[in-house]
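Listed below, chain by chain, are the residues.
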Amino acid sequence: MNLVENIEYNTERPHLIIPEYGRHFQKMVDHAVAIEDREERNKIAKSIIDVMGNLQPHLRDVPDFQHKLWDQLFIMSDFKLDVDSPFPITSKEVLQKRPDPLEYPQNHPKYRFYGNNIKRMVDVAVKWEKGDMRDGLEYAIANHMKKCYLNWNKDTVDDKAIFKHLYELSDGQINLNEETTLTDSGQFLKNRVAKNPRNNSKKNNRNNNNRGKKRY
C-alpha cells in the first residue's frame, strides 16, 4: 500500500526543460547547480556533456555539436549553472528572441497558370541576341506555356492564344510568327494520362478482374 502511495506522477514532477534528455539528465543538471565548490561543479558539468555526447557518438567530437551541447546544458539549468564553458555562453534573452519575419516574394502574375518560372525564362530570353539559340528558347517557352495551359484550363488551346500571352509577358519583345507550330495538344494530354497514377491503378484493377476468367 505504501508503494502505491509513494508513486510519483509526471504531472506532480518538475517541468522538463528539454524533455528529449529525460528526467535523469535534468536531475544531474540540478545536482550540478547545487554544488558549491566551483572546481567540482566544472568537473560534473564536463561529465554531463560527455554523457550527452554519448547519445550521438558520431557527432560527439564535432566542434559545432559540442557548442550545441553546452548551450543545452545552460538551458536545462535555466542559466543558473556557473561553470567555465569552452564556448561563449549564449544569454537567455538571445535564445528567447523572436526571429525576424521572412520576406516572402509577392508576385502577382497576370496568368497564374503559367507559374513564375515562365516569366523568369521570358526575362532571360529577351536579353539574348536574336538568332537560332534565342528562337529555340522562345519556341521551348511557348511549348511549355501550352503544356501549363492544358494542365490547368481545358483540353485544347489555340496556338494563337499562347503567342498572344507570350507577347504580353515579354512586353512585346517576343512575337512568334503565326506560322510557328507548337506541339499538338493531344500529345500533351496523352502524356498527362500516361503519368496519372489513377489511370494505372484502374488499368491494373481491370486486368486483375479479368484474370482467371474463361475465354471461349
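Below or above, wherever it landed, is the structure these notes cover.

About the criteria used
- Residues numbered from 1 in each chain as written.
- Predicted model: local features only at pLDDT ≥ 70, side-chain atom pairs only at ≥ 80, totals over all residues.
- Heavy atoms only, no water.
- Helix = DSSP H or I, 4+ residues; strand = E, 2+ residues; numbered from the N terminus.
- Buried < 20%, exposed > 50% of the residue type's maximum accessible area, 1.4 Å probe, protein only.
- Areas by Shrake-Rupley, 256 points an atom, 1.4 Å probe, with all protein chains shown as cover.
- Core = buried A, V, L, I, M, F, W, Y, C linked by side-chain atoms within 4.5 Å.
- Contact = heavy atoms within 4.5 Å.
- Salt bridge = Lys/Arg side-chain N within 4 Å of Asp/Glu carboxyl O.
- Axes fitted to C-alpha atoms, helices over the stretch in contact; angles between N-to-C directions.
- Parallel < 35°, antiparallel > 145°, perpendicular 65-115°, else oblique.
- Left-handed = near helix turned anticlockwise from the far one by under 90°.
- Nonpolar A, V, L, I, M, F, W, Y, C, P; charged D, E, K, R; others polar.

### Structural notes on the overall build of the protein
Looking only at helices and strands, the protein has 10 helices and 0 strands in total. Taken from N to C terminus, the helices and strands of the protein fall in the order α-α-α-α-α-α-α-α-α-α. By the burial criterion, 27% of the 216 residues in the protein qualify as buried. Accessible surface for the protein amounts to roughly 16600 Å². Of this, 51% is attributable to carbon and sulfur atoms.

### Observations regarding the nonpolar core
Nonpolar side chains in soluble globular proteins tend to be buried together. Residues Y114, I141, M145, I162 and L166 are the most contacted members of the largest nonpolar core, which totals 22 residues. Within the residue set of this core, elements represented by two or more residues are α6 (116-125), α7 (132-152) and α8 (159-169). Here the element with the most residues in this core is α7; it accounts for 7 residues. Beyond its immediate sequence surroundings of up to four residues, I162 is in contact with Y114, A142, M145, K146, Y149, V157 and L182. In this structure, F25, A32, A45 and V83 belong to the second largest nonpolar core, which totals 17 residues.

### Quick notes on the pattern of salt bridges
Overall, the coordinates contain 8 salt bridges when judged by the stated rule. Linking R134 and E138 is a salt bridge whose minimum nitrogen-to-oxygen distance equals 2.7 Å. One end of the pair is R134 and the other is E138, both in helix α7 and 4 residues apart, which spans about a single turn. Looking at E138, the relative accessible area reads 8%, which means it is buried. When salt bridges that share partners are traced, they join R38, R41, D82 and D84 into one network.

### Some remarks on the side chain of D159
One can find D159 in helix α8. Relative accessible area serves as the criterion here: at 15%, D159 is assigned to the buried category. D159 has contacts with K146, T180, T181 and L182, leaving out every residue within four places of it along the chain.

### Details of the packing of helix α3 (residues 38-54) against helix α4 (residues 63-76)
Where α3 meets α4, the closest approach of the two axes is 10 Å, and the angle between their N-to-C directions is 120°. Of the possible angle classes, the one that applies to α3 and α4 is oblique. Read as a crossing pair, α3 and α4 show a hand that is right-handed. Seen from α3, the contacting residues are A45, K46, I48, I49, M52 and G53; seen from α4, they are F65, Q66, L69, W70, Q72 and L73. Residues that form the contact of α3 with α4 fall into these classes: 8 nonpolar, 3 polar and 1 charged.

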